Amino acid sequence: MSDTNAQSVAFVRNSEIPASPPPLGETGPVKWMRENLFSGWVNSVMTVIAFLLIARFIMGVFPWFWNGVWDASSIKDCRNIMADAGTAGSACFAVLVDRWDHLLFGFKYPATEYWRPTLAFVLLVVCAMPALFAMYLPRKLLIATALYPFVAYWLIWGGSLWVPVVILGLLAVTAAIYLFIEGLSVSLRQAVAGIVGALSGIGLGYLLYLGAQELWFISGNVSAGEGIVSTVAGFVFMIAAIFTYAFFIPMGIFVGYAIYNSYEDGGLVTIVTTLFSLYALMVYGLGPISAAINSVVPIELEAVASRDMGGYMLCMILGTVCVSLSIPLGVVLALGRQSNMPLIKGVCVVFIEFIRGVPLITLLFVANVMLAYFFPPESSIDLILRVIIMITAFSAAYIAEVIRGGLAALPKGQYEAADSLGLNYTQATRLIILPQALKISIPGIVNVAVGLFKDTTLVSVISMFDIVGMIRGPIQQSTDWISIYWEVYLFAAAVFFVVCYSISQYSQWLERQLQTGHR
Amino acid sequence: MSQISQMKVSDEVAIEINQMNKWYGSFHVLRDIDLTVNRGERIVICGPSGSGKSTLIRCINALEEHQKGTITVDGTLLSSDLKNIDTIRSEVGMCFQHFNLFPHLTILENCTLAPIWVRKTPKKEAEEIAMHFLEKVKIPEQADKYPGQLSGGQQQRVAIARSLCMKPRIMLFDEPTSALDPEMIAEVLDTMIELAEEGMTMLCVTHEMGFARKVANRVIFMDAGQIVEQNEPEQFFENPQSDRTKLFLSQILGH
């Protein structure tokens, strides 16, 4: 036995010490307070000051809130009631009760039809579930999610039931066309693609011709006042018009022939052909067919025009539609920006950089005022649709950049592994790349989505009466509720907070669900 | 153990590379590569870092594009035609240095993905095939876990199983053991030896010289983008011809 060993033996314990409770003050609230609130004299003083400030704030706000008047017909009435009760200066929540419907639905939506947007909202919550909780609910329920837009459109805008039904039918027909083309032999598909290419080439040429003609007339009209520049522009366009007029038929045939020649077995032309058929069906089929069915079996709700939408409902419509459209569009733009094909890449880069370089408000003004100048006077695209297009384009550009970050974060090995297994581009993107890139991008996408939802209130500057527009206009300008601020804006803040906080909580939950160990 | 390296090789040609050249920008990575691989051959490619060995095998399944010369795999000429590339890739399996498993899919899903989507195998059947190969690499019990929960050695074995599920006729290994802890190298090499015993055509970039001696029927030495020497393992290690090979062998076997 060596010396060191002899020494260490003295320290060896033969029996296990049972666990004992820690000394008092080392656990629970006492410890927490000592560590976090009173760890030194500086912190102790700060804690006391902070508590005093919080108490002061609560003592100030609570009576204002608690003594608030909920039942009055005008702000004057409100003040009288408060003066009688000796609580002058308290909140006047009566405005919320009095203008509840206006805050929610705007002041022009027919009062008898409020149940329709309300039902649409309830259905939104129900039908979003299968998509939001897809991993826990049966996949078949997604049918409800897919049908929801048509139901909601009919409920909110009204009109004939047959319009959304016929749209659904036409979509089904288009799917059938897609499957039909997919099933054709290669040479037949080539022929179909060639014919469709030729037709769309001719159509494109004709549109160019019409556009050039239109521009000539516009510039012709303003040239007197605007001088030489527009005259020259008009002249150039007229030449372009004559050129395209003379050449759109050969051009179409050329496009068709080019597609016929270059087209092998890929799905791109099948998709383009299908989209082309869909467009034609929608433009020429929708109106007559739905009108015909409606004349036989009329099922109608009172139609409500887009300009009559307002209040929080308008924010919800814009928010929901734009978020759900801009995510897929953002994915397409992000993938396009990574493309090897210069044309696709160029279009995506220009689109993203242009949209990101312009404030949303200018885009909204363009939607409201300028777009009218670019279309012929008789064609009027719905105002809400124009706003939706602009907001969607705006947020899609941002989401595209967020997703590009996600794509860049993926190791190159993931692409190589997918390639080496023989997956083609579509499969690799859909099965390997996007699931991972989107997972990384969730916080960024949610950031944009929440921002977008709040930005919907910007439509109030182009005289649409969303919830902020309602407050600034019809409520604050009315004689009854003139100069009322805190109550209505607090209400607006609260309704937005509820939705935005829910989105944020959902995204955090989703991130936890998608966690699969480290990377 | 010397039996494997003596195993018969068929006369049928699996890969034929003819005067192949590749540049990265103006840097000439691969120069006039000529290589014919017969079915059932087990080739180990070694050489100093930057000699183009990884690039060479990555050209075979078109992960890298070559600019001059021809590569023919299983009778299919490798060109820019995407169809040919996909055909070749589904016939040629590959294992990477960093495994490159798909972290968002379970082990089983990693293995069934390509058979289901590329080979259009029914899901049930694909799962049976996957379990068969997972048993072969001795980790069927991990099937429902995610790659992040496995050790490096296990991940590499899954990567091998994932490639095998496509029933490839040729396997490429790109430094499969370089990123592994020392005690995990053996389990991966054992799996590869088993594969060799079954007659798989294998091209393997590795510095595991013990593995080369035991399994390879041919060792190729590359330097500066060229094949400098190729020989049977016995001859290669005992009697290297070029000075460059001698230097390389003395450096890696010296310690």
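Coordinates for the structure precede this section.
Residues numbered from 1 in each chain as written. Chains lettered and ligands numbered in written order. Predicted model: local features only at pLDDT ≥ 70, side-chain atom pairs only at ≥ 80, totals over all residues. Heavy atoms only, no water.

Here we take up the overall build of chain B. Looking only at helices and strands, chain B features ten helices and ten strands. Against the globule reference of 18 Å for 255 residues, chain B gives a C-alpha radius of gyration of 18 Å, in line with a compact fold. For chain B, the spread of C-alpha atoms along the three principal axes comes to 55 × 45 × 35 Å. In chain B, buried positions account for 56% of the 255 residues. In chain B, 69% of the contacts between residues at least 6 apart in sequence involve partners at least 24 apart. For chain B, the accessible surface area stands at approximately 11,100 Å², while carbon and sulfur atoms represent 48% of it. Computed over 26 positive and 35 negative side-chain charges, the separation of the two mean positions in chain B equals 3 Å. (Helix = DSSP H or I, 4+ residues; strand = E, 2+ residues; numbered from the N terminus. Rg over C-alpha atoms; globule rule 2.2 N^0.38 Å. Buried < 20%, exposed > 50% of the residue type's maximum accessible area, 1.4 Å probe, protein only. Contact = heavy atoms within 4.5 Å. Areas by Shrake-Rupley, 256 points an atom, 1.4 Å probe, with all protein chains shown as cover. Lys, Arg positive; Asp, Glu negative; His and termini not counted. Charge placed at Lys NZ, Arg CZ, Asp CG, Glu CD.)

Enumeration over the complete set of coordinates arrives at 24 salt bridges over all chains. Here Lys31(A) ties to Glu35(A) by a salt bridge, and the two come within 3.3 Å at their closest N and O atoms. Of this pair, Lys31(A) and Glu35(A) both sit in helix α2 (residues 28-36), four residues apart, which is roughly one turn of the helix. The exposure class assigned to Lys31(A) is partly exposed, which follows from its relative accessible area of 28%. Between Arg58(B) and Glu416(A) there is a salt bridge; the shortest N-O distance is 2.5 Å. Of this pair, Arg58(B) sits in helix α2 (residues 53-60) while Glu416(A) sits in helix α17 (residues 412-420), placing the two residues on different chains. Like Glu416(A), Arg58(B) is buried. Bridged by salt links that share partners, the residues Arg337(A), Glu353(A), Arg356(A), Glu401(A) and Arg404(A) form one connected network. (Salt bridge = Lys/Arg side-chain N within 4 Å of Asp/Glu carboxyl O.)

To continue, consider the nonpolar core. Counting residues in each nonpolar core, the largest one holds 132 residues, and the members touching the most others are Met309(A), Ile467(A) and Leu203(B). What Leu203(B) contacts, discounting residues up to four positions off in sequence, is Ile15(B), Leu35(B), Val37(B), Ile43(B), Ile45(B), Ile57(B), Ile60(B), Met171(B), Leu172(B) and Phe173(B). Among the nonpolar cores identified, the runner-up in size contains 48 residues, and Leu101(B), Ile129(B), Val188(B) and Val219(B) belong to it. (Core = buried A, V, L, I, M, F, W, Y, C linked by side-chain atoms within 4.5 Å.)

The next subject is the state of the cysteines. For the structure on display, the rule yields one disulfide over all chains. Disulfide partner of Cys78(A): Cys92(A), at an S-S distance of 1.9 Å. With the S-S dihedral at roughly 105°, the linkage between Cys78(A) and Cys92(A) falls on the right-handed side. Here Cys78(A), found in helix α4 (residues 75-85), pairs with Cys92(A), found in the loop between α4 and α5 (94-98); they are 14 residues apart in sequence, far enough to count as distant. Given the relative accessible area of 0%, Cys78(A) is considered buried. Cysteine Cys127(A) shares no disulfide, and the gap to the nearest cysteine sulfur, in Cys322(A), comes to 19 Å. For Cys127(A), a relative accessible area of 12% translates into the label buried. Unpaired in terms of disulfides, Cys59(B) finds its nearest cysteine sulfur in Cys204(B), a separation of 17 Å. (Disulfide = S-S within 2.5 Å.)

Turning next to the packing of aromatic side chains. All told, the structure shown has 20 aromatic pairs over all chains when counted by the stated rule. Ring centres 5.9 Å apart and planes at 35° place the aromatic pair Tyr506(A) and Trp509(A) in the tilted group. Separated by three residues within a single helix, Tyr506(A) and Trp509(A) lie in helix α20 (residues 486-513), roughly one turn from each other. In this structure, Arg162(B) packs its charged tip against the face of Phe102(B), placed 4.5 Å from the ring centre. (Phe/Tyr/Trp six-rings, centres within 6.5 Å; stacked < 30°, edge-to-face > 60°. Lys NZ or Arg CZ within 6 Å of the ring centre and 35° of its normal.)

With 22 residues of chain A at the interface, the matching set in chain B holds 25 residues. Each partner contributes to the roughly 2,100 Å² buried at the junction of chain A and chain B, and carbon and sulfur atoms together form 61% of this total. If you sort the residues of chain A by the area they bury against chain B, Ser420(A), Leu421(A) and Thr516(A) come out on top, with a joint share of 28%. At the junction of chain A with chain B, the criterion picks out two salt bridges. On inspection of chain A and its partner chain B, the count reaches six residue pairs in polar contact (both at pLDDT 80 or more). Broken down by secondary-structure element, the contributors of at least two residues to the side of chain A that touches chain B are α17 and α18 (425-455) of chain A. Broken down by element, the residue count for the side of chain A that touches chain B peaks at eight residues, all from α17(A). (Buried area = accessible area lost by both parts, 1.4 Å probe. Polar contact = N/O pair within 3.5 Å; in protein donor to acceptor, adjacent residues only side chain to side chain.)

All names here are of chain B. Relative to the helices and strands, Thr121 is located in the loop between α4 (107-117) and α5 (123-136). By relative accessible area, which is 14% here, Thr121 ends up buried. Not counting chain neighbours up to four residues away, the residues in contact with Thr121 comprise Pro115, Ile116, Ala126 and Ile129.

Moving on, we get to helix α3 (residues 82-91) of chain B. Within α3(B), the full set of buried residues consists of Ile85(B), Ile88(B), Arg89(B) and Ser90(B). In the core, the buried residues of α3(B) are packed alongside α17 of chain A together with α2, β4 (68-73), β5 (76-77) and β6 (92-95) of chain B.

The subject of this paragraph is the sheet that holds β6(B). In sheet architecture, strand pairing relies on hydrogen bonds along the backbone and comes in two forms, parallel and antiparallel. Residue and element names in this part refer to chain B. Spatially, six strands are ordered β6-β7-β8-β3-β9-β10 in an open sheet, and the strand pairing comes out mixed. Of all strands in the sheet, those bounded by a partner on one side alone are β6 and β10 (226-231). Across the sheet, the axes of successive neighbouring strands diverge by a mean angle of 20°, strand direction being ignored. Pairing of strand β3 (residues 42-46) with strand β8 (residues 201-205), which is carried by four bridges, proceeds in the parallel orientation. Following the sheet pairing, Ile43 is matched in β8 by Leu203. Along the sheet, α3 makes contact with β6 and β7 (170-174), crossing β6 at roughly 65°. Of the strands in this sheet, β3, β7 and β8 touch helix α7 (residues 182-197), which is tilted by about 150° from β8. (Pairing = 2+ DSSP bridges. Axes fitted to C-alpha atoms, helices over the stretch in contact; angles between N-to-C directions.)

This part takes up the sheet that holds β5(B). Residues and elements named next belong to chain B. The strand order across the open sheet built from four strands is β2-β1-β4-β5, with neighbouring strands paired in antiparallel fashion. Two strands close off the open sheet at either side, each with one partner strand: β2 (27-38) and β5. As paired strands, β4 and β5 are joined by two bridges and run antiparallel to one another. Looking at the pairing, Val73 lines up with Thr76 of β5. Each of β1 (13-24), β2 and β4 is contacted by α2, which is oriented at about 120° to β1, the strand it contacts most.

Note that all results are geometric; they support no functional claim without further evidence.
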